[in-house]
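Residue-level structure breakdown
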Amino acid sequence: MPQHQFAVQVRPEYLPAQSSPMEDSYVFAYTVTISNTGSVPAQLIARHWEIEDAFGETQIVDGLGVVGRQPLLQPGEAFQYASSARLQTAMGIMSGHYFCVGVDGHRFEVAIPTFTLNVPTGGHETH
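As named in an unreviewed UniProt entry, the protein is Protein ApaG, taken from Malikia spinosa.

What follows is the structure, given as C-alpha cells:
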C-alpha cells in the first residue's frame, strides 16, 4: 500500500432555487469526500480547481485548505465538505487537485477526478 495516498469522491447537484437560467446563471453544489487511504497521517494544505463551462471558458480557483479548513487525516479517516460553483451555461466540468503534506514532511498531490455539472433534463429549468 502506498504510504501517501488520498482518495477523492465528488457528488455534484444542480441547485435550481439559486439559479436563473433566463440570466445565464446556473448554480451547482458539490459534496467532496477525501479519504486517507495511505499509511501515513497527512494534511490537506491547498486546492486547485479548474471549472469549465460549455463555451470552454475556464475559471481557476486556488486557495488554502477547503471551506476554511486544512484537515489532518489519519490513515482510514475521511473528511467531507460541501461547496458550490456558478456557471453561465447549463453544463460544465470541474477537475483539479489537492496539495497535501504527510506528517513525515513528504509533499504530494491528489488528483480530483473530473466530474460533470449538468442541469437535469425533464422540466427543471424555468423559461
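Focus: the sheet that holds strand β2 (residues 26–36)
Ordered in space as β1-β2-β6, the three strands form an open sheet in which the pairing is antiparallel. Edge strands, defined here as strands with exactly one partner in the open sheet, are β1 (6–14) and β6 (78–87). Recorded for the sheet is a direction-independent mean angle of 20° between the axes of neighbouring strands. With ten bridges connecting them, β2 and β6 associate as antiparallel partners. Along β6, the bridge assignment pairs threonine 31 with alanine 82.

Quick look at the environment of alanine 17
Positionally, alanine 17 belongs in the loop between β1 and β2. For the pair alanine 17 and serine 83, spaced 66 residues apart in sequence, the C-alpha to C-alpha distance is 16 Å.

What about the packing of aromatic side chains?
Scanning the model with the defined rule gives seven aromatic pairs in all. Each ring, one from tryptophan 49 and one from tyrosine 98, has its centre 6.3 Å from the other, and the planes form 85°; the classification is edge-to-face. On the criterion of sequence distance, the pair formed by tryptophan 49 in strand β3 (residues 42–53) and tyrosine 98 in strand β7 (residues 91–102) is long-range, its members being 49 residues apart. Residue tryptophan 49 shares its accessibility class with tyrosine 98, and that shared class is buried. A network of ring pairs unites the aromatic residues Tyr30, Trp49, Tyr98 and Phe115 as a single cluster.

Here's the deal with the environment of isoleucine 45
Position of isoleucine 45 relative to the elements: it lies in strand β3. Each C-alpha atom, one on isoleucine 45 and one on valine 119, is 32 Å from the other, the two residues being 74 residues apart in sequence. What isoleucine 45 contacts, discounting residues up to four positions off in sequence, is Leu64, Gly65, Gln70, Phe99, Cys100 and Val101.

Overview of the pairing of β2
The element β2 is extensively covered by neighbouring structure, given that ten of its eleven residues are classed as buried. As judged from the nine bridges shared by β1 and β2, these two strands associate in the antiparallel manner. Its bridge partner being in β2, proline 12 is matched across the sheet by tyrosine 30.

Here is what the cut-offs are and how they apply
- Residues numbered from 1 in each chain as written.
- Predicted model: local features only at pLDDT ≥ 70, side-chain atom pairs only at ≥ 80, totals over all residues.
- Heavy atoms only, no water.
- Pairing = 2+ DSSP bridges.
- Helix = DSSP H or I, 4+ residues; strand = E, 2+ residues; numbered from the N terminus.
- Axes fitted to C-alpha atoms, helices over the stretch in contact; angles between N-to-C directions.
- Phe/Tyr/Trp six-rings, centres within 6.5 Å; stacked < 30°, edge-to-face > 60°.
- Buried < 20%, exposed > 50% of the residue type's maximum accessible area, 1.4 Å probe, protein only.
- Contact = heavy atoms within 4.5 Å.

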